[in-house]
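Spelled out, the chains give:
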Amino acid sequence: MTSFQQARVDLGSQLRSLREAAHLSGKDLAERLHWQPSKVSRLENARQTATEDDVVVWAQAVQAPPETADELIRQAIALLERHDDWKQRHRSGLAALQEDIRDLEARTRLFRVFEPNIVVGLLQTAEYSRHVFRKVKRLYSAPEQIDAAVRVRMQRQEILYDRSRTFRFVLPESALRTRLAPIDVMRGQLDRLIAVSTLPNVEFGVIPFAAELPSAPINGFWIYNEAMVGVATMTKDLVLRDPDDVAFYVRAFDDYAKAAVFDEAGRDVIIHILDEYRKQSSH
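> Hey, could you run me through the environment of Arg47 in this one?
Mapped onto the elements of the fold, Arg47 is located in the loop between α3 (37-44) and α4 (52-61). With relative accessibility at 36%, the residue Arg47 sits in the partly exposed group. Sequence-wise, Arg47 and Val9 are 38 residues apart; in three dimensions their C-alpha atoms are separated by 8.6 Å. In terms of polar contacts, Arg47 uses its side chain to reach the side chain of Ser41, at 3.2 Å.

> Just to check I follow, could you spell out the side chain of Arg112 for this structure?
Within the secondary structure layout, Arg112 lies in strand β2 (residues 110-114). By relative accessible area, which is 7% here, Arg112 ends up buried. Sequence-distant contacts of Arg112, that is, excluding residues within four places in its chain, are made with Arg168, Phe221, Trp222, Ile223, Asn225, Glu226, Val250 and Phe253.

> Can you help me understand the packing of aromatic side chains in this one?
The description of an aromatic ring pair rests on the distance of the ring centres and on the angle between the ring planes. Summed over the entire model, instances satisfying the criterion amount to nine aromatic pairs. Their ring planes at 55° and their centres at 6.2 Å tell us that Trp35 and Trp58 sit as a pair that is tilted. Here the residue Trp35 occupies a position in the loop between α2 (26-33) and α3, and Trp58 occupies one in helix α4, the gap between them amounting to 23 residues. Trp58 matches Trp35 in its accessibility class, with the two residues each being buried. Between the aromatic rings of Phe114 and Phe221, the centroid separation amounts to 5.7 Å while the plane-to-plane angle is 35°, which identifies the pairing as tilted. Separated by 107 residues along the polypeptide, Phe114 in strand β2 and Phe221 in strand β5 (residues 221-224) bring together distant segments of the chain.

The rules behind these values
- Residues numbered from 1 in each chain as written.
- Predicted model: local features only at pLDDT ≥ 70, side-chain atom pairs only at ≥ 80, totals over all residues.
- Heavy atoms only, no water.
- Helix = DSSP H or I, 4+ residues; strand = E, 2+ residues; numbered from the N terminus.
- Buried < 20%, exposed > 50% of the residue type's maximum accessible area, 1.4 Å probe, protein only.
- Polar contact = N/O pair within 3.5 Å; in protein donor to acceptor, adjacent residues only side chain to side chain.
- Contact = heavy atoms within 4.5 Å.
- Phe/Tyr/Trp six-rings, centres within 6.5 Å; stacked < 30°, edge-to-face > 60°.

Structure (structure tokens):
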């Protein structure tokens with residue numbers, strides 16, 4: 001067990017002890033917090049990382065002493081601020097990783113996402129997602145949980161239809177042409193992007209090949225509200241909360257967005273790629 005996972009186990013055990021001391025079942029606590037019972041189980045059994053908000057409301061629900069609550073909050077913040085190794089996370093399973101992301105998204109109202117090489121997870125079709133997970137599994141020797149991970153990723157996408165949230169996605173044209181799946185799957189994926197781009201709370205921008213880039217697109221990044229940035233590298237997931245870091249990525253996102261085309265112009269780029277895929281399919 002890695003040190004990160006051990007710290008998560010320790011935090012989950014302490015949360016369970018507080019619940020039991022308050023004579024609450026997992027279902028009772030979930031009802032108090034308006035959570036799914038499965039979330040209580042995931043946190044206690046270290047299948048999901050408790051956030052600062054999770055610990056705060058948990059401590060309040062079980063009437064934990066202030067000093068105990070403060071210590072647990074400190075542990076939760078320390079876990080979230082760590083540079084979390086992808087191999088460590090995948091040992092918990094791809095589905096558990098998707099659950100972690102879904103809970104983070106549930107607390108977010110404004111999403112700003114730049115992805116240079118892949119279609120964003122929230123916009124993936126099931127088949128495209130399946131091919132992506134297969135490649136992740138091969139690279140990181142993840143457990144055999146691809147079907148479960150795809151199901152959770154598809155469930156995550158329900159948030160797109162919540163009009164109280166705003167989504168801004170920017171991808172270079174190259175990301176739409178990167179062949180991570182067979183042509184028929186890629187065509188289905190592009191059709192999905194055209195449909196999602198028409199949602200009233202979704203802005204989908206494509207940076208055409210002809211556009212000048214503001215900087216080299218090395219890594220993708222997700223900005224959650226104004227509070228946090230997730231940056232994925234090949235071996236690390238970076239979680240950045242420092243206001244200067246967040247401000248830097250907000251500026252970077254705005255620069256990429258200025259180079260992108262949206263609405264009909266963006267869909268025209270996708271349609272052009274679709275036409276090329278159709279021609280390849282007919283050969």
